[in-house]
Number of protein chains: 2
Amino acid sequence: MEIKVVRKVLDVNSTMAEQNRKLFAEKGVFVLNVMSSPGAGKTETLIKTLARIMPDIKSAVIVGDICTSHDADRLSQSGAPVVQINTEPFGGDCHLAAHVIEKAALSLDLDATDLLIVENVGNLVCPAEFDIGEDSRIVVLSIPEGEDKPAKYPLMFRECDATLLNKTDLLPHLDYDLEAALKYIRQVHPDMPVFQISARTEQGFEPWIEWLRNLIDKKTGR
Amino acid sequence: MEIKVVRKVLDVNSTMAEQNRKLFAEKGVFVLNVMSSPGAGKTETLIKTLARIMPDIKSAVIVGDICTSHDADRLSQSGAPVVQINTEPFGGDCHLAAHVIEKAALSLDLDATDLLIVENVGNLVCPAEFDIGEDSRIVVLSIPEGEDKPAKYPLMFRECDATLLNKTDLLPHLDYDLEAALKYIRQVHPDMPVFQISARTEQGFEPWIEWLRNLIDKKTGR
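Residues numbered from 1 in each chain as written. Chains lettered and ligands numbered in written order. Predicted model: local features only at pLDDT ≥ 70, side-chain atom pairs only at ≥ 80, totals over all residues. Heavy atoms only, no water.

Here's the deal with the confidence of the model for chain A
Formally: What pLDDT expresses is the predictor's confidence in each residue, scored from 0 to 100.
Residues at a pLDDT of 70 or more form 96% of chain A, whose mean pLDDT is 95. In the predicted complex, the global pTM is 0.94; the interface-specific ipTM is 0.91.

Regarding the sheet that holds strand S4 (residues 115-119) of chain B
All names here are of chain B. Note the cut-off: Only strands joined by at least two bridges in the DSSP assignment are considered to pair. In this description a helix means any DSSP run of H or I spanning at least four residues, a strand means any run of E spanning at least two, and both kinds are numbered starting from the N terminus. Fitted lines through C-alpha atoms give the axes, limited to the stretch in contact for helices. The angle between two N-to-C directions lies from 0 to 180 degrees. Residues are treated as being in contact if the distance between any of their heavy atoms lies within 4.5 Å.
Across the sheet, which stays open at both edges, the seven strands sit in the order S3-S2-S4-S1-S5-S6-S7 with parallel pairing between neighbours. Across the chains shown, the open sheet's two edge strands, defined by having one partner strand only, are strand S3 (82-86) and strand S7 (194-196). If you compare each strand with its neighbour and ignore which way they point, the axes differ by 20° on average. Two elements, strand S1 (residues 30-36) and S4, share five bridges in a ladder whose sense is parallel. Its bridge partner being in S4, Asn33 is matched across the sheet by Val118. Its contacts with the sheet place helix H4 (residues 98-106) against strand S2 (59-65), S3 and S4, and it is angled at close to 150° to S3. Its contacts with the sheet place helix H8 (residues 205-220) against S1, S4, strand S5 (136-142), strand S6 (162-166) and S7, and it is angled at close to 145° to S1.

Quick word on the interface of chain B and chain A
Often, the extent of an interface is quoted as the loss of accessible area on bringing the components together. Operational definition: Accessible surface is computed with a 1.4 Å probe, and the buried area is the amount of it that two parts give up when combined, taken over both parts together. Each reported salt bridge corresponds to a side-chain nitrogen of Lys or Arg within 4 Å of a carboxyl oxygen of Asp or Glu. N or O atoms closer than or at 3.5 Å make up a polar contact, with two conditions inside protein: a donor-capable atom paired with an acceptor-capable one, and, for residues adjacent in sequence, both atoms drawn from side chains. Three classes are used: nonpolar for Ala, Val, Leu, Ile, Met, Phe, Trp, Tyr, Cys and Pro, charged for Asp, Glu, Lys and Arg, and polar for all others, with Gly counted as polar.
The interface of chain B with chain A comprises 37 residues on the first partner and 37 residues on the second. Summed over both partners, the interface of chain B with chain A comes to about 3200 Å²; 58% of that surface belongs to carbon and sulfur atoms. The tally of links between chain B and chain A comes to six salt bridges. Here Asp71 of chain A makes a salt bridge to Lys152 of chain B, at a shortest N to O gap of 2.7 Å. Run the count over chain B and chain A and you get 13 residue pairs in polar contact (both at pLDDT 80 or more). Residue composition of the side of chain B that touches chain A, by class: 17 nonpolar, nine polar and eleven charged.

Observations concerning the pairing of S1 of chain B
Side-chain direction in a regular strand flips from residue to residue, so the side chains alternate between the two faces of the sheet. All names here are of chain B. This is how it is decided: A simple rule labels every residue: compare its accessible area, found with a 1.4 Å probe on the protein chains alone, to the largest value its type can have, and call it buried under 20%, exposed over 50%, or partly exposed in between.
Judged by how many residues are buried, S1 sits mostly within the fold: seven of seven residues are covered. Along S1, one buried face is formed by Phe30, Leu32, Val34 and Ser36 and the opposite face, lined by Val31, Asn33 and Met35, is buried too. Note that S1 and S5 share five bridges and pair parallel. Directly across from Val34, in S5, lies its bridge partner Ile138.

A word on the nonpolar core
The condition is simple: Buried residues of nine kinds, namely Ala, Val, Leu, Ile, Met, Phe, Trp, Tyr and Cys, make up a nonpolar core once their side-chain atoms join them within 4.5 Å.
Within the largest apolar cluster, 86 residues are counted, with the highest numbers of intra-cluster contacts made by Ile62 and Leu116 of chain A together with Ile62 and Leu116 of chain B. In this structure, Leu116 of chain A is in contact with Phe24, Val29, Phe30, Val31, Leu32, Ala60, Val61, Ile62, Ala105 and Leu108 of chain A, ignoring residues within four places of it in sequence.

Concerning the relation of the copies chain B and chain A
Note the threshold: Least-squares superposition of the copies uses the C-alpha atoms of those residues scoring a pLDDT of at least 70 in each of them.
With an RMSD of 0.0 Å, the fit of chain B onto chain A corresponds to turning through 180° and sliding 0.0 Å along the axis. On the angle and the small slide along the axis, the relation comes out as a two-fold axis.

Here it is in structure tokens:
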């Protein structure tokens, strides 16, 4: 019974996601859904990313959290318009659903936006199940989380188009088997690009930024 | 509509949790529900904890993961009986529900158990909503996740009886504001004990083990 109920919720969400996708296509906006565990470094990665692509790529951000506007406060210093969604009024939702994204997106000037980034709720499970009408999905996996997360949370890594393997600056201080981590990712999603980055030092950002730029240019024809 | 549905699922779960609680009381088993983000160090913390309390405290473990038996394999080296639950057949559930715990608990020899540890699915949101009939709940929060997680995931920190602040061995390598982290925890749950530990080096384990021992002794009258 529980599974049937979940199916219905997901069906309603898919319909809303298709509406979003149509809206984003009309407006020529590339939408990137960014997911991870709590504290993997989504916000810091996005701040450093925005600094490299703005103002060339006109960017806006929707940030999802159960509570607080910490991430939105930090991101708004980039100069990009930022909308914070708090899911607490929706029952402390553990993910962003398509209807919530629609409401937030309509509060932005989509005609003046090339790239809309959605920083999802920190959760390696549920957000992967909810289509929000995005063009691409990425997962930020941080080194301190350990090597085997792709094997333990396969849906997330299967559904994403790239992994940002973050906090590589901590590698000298951890017993971390980088080859094992890459092997786990490849087992779940063989051809997925993996960008090894440190959001703190900005090491390894060039290939990631180039990959992102290509996707945006392809959709928006800038 | 979605909220009503969730309410129903939670009501069914509560009834099952009460049945579990009755069973655990009859058998004189203390049940500890251990929760955290993915990769915060639950398994390593439990391995080091079991080494300190066994065989004096007769322990068993139920481990929840969507996929794999990695954690169970590691934990079983402690000599404790370990049951791995994979939630993938249940739709990749992001938490352990009471009926799943009942099934796993009945496969253990509860008469020969003082302490039953439940290592929940790595997720800082959903597991906090599901009573499994436990006596106590703790959350493992790792230093690399950042200071503000208690503010962003308040239900988890409100519902737990203690925080294990893990990976303190990484403090010298991070820009981490320990006072800020403690302040965030106190804002959500003013009198909650916070044990600063490193599961890797076992620094800070004594007070945590003493706290746990006291709780177990109080319930089981060992």
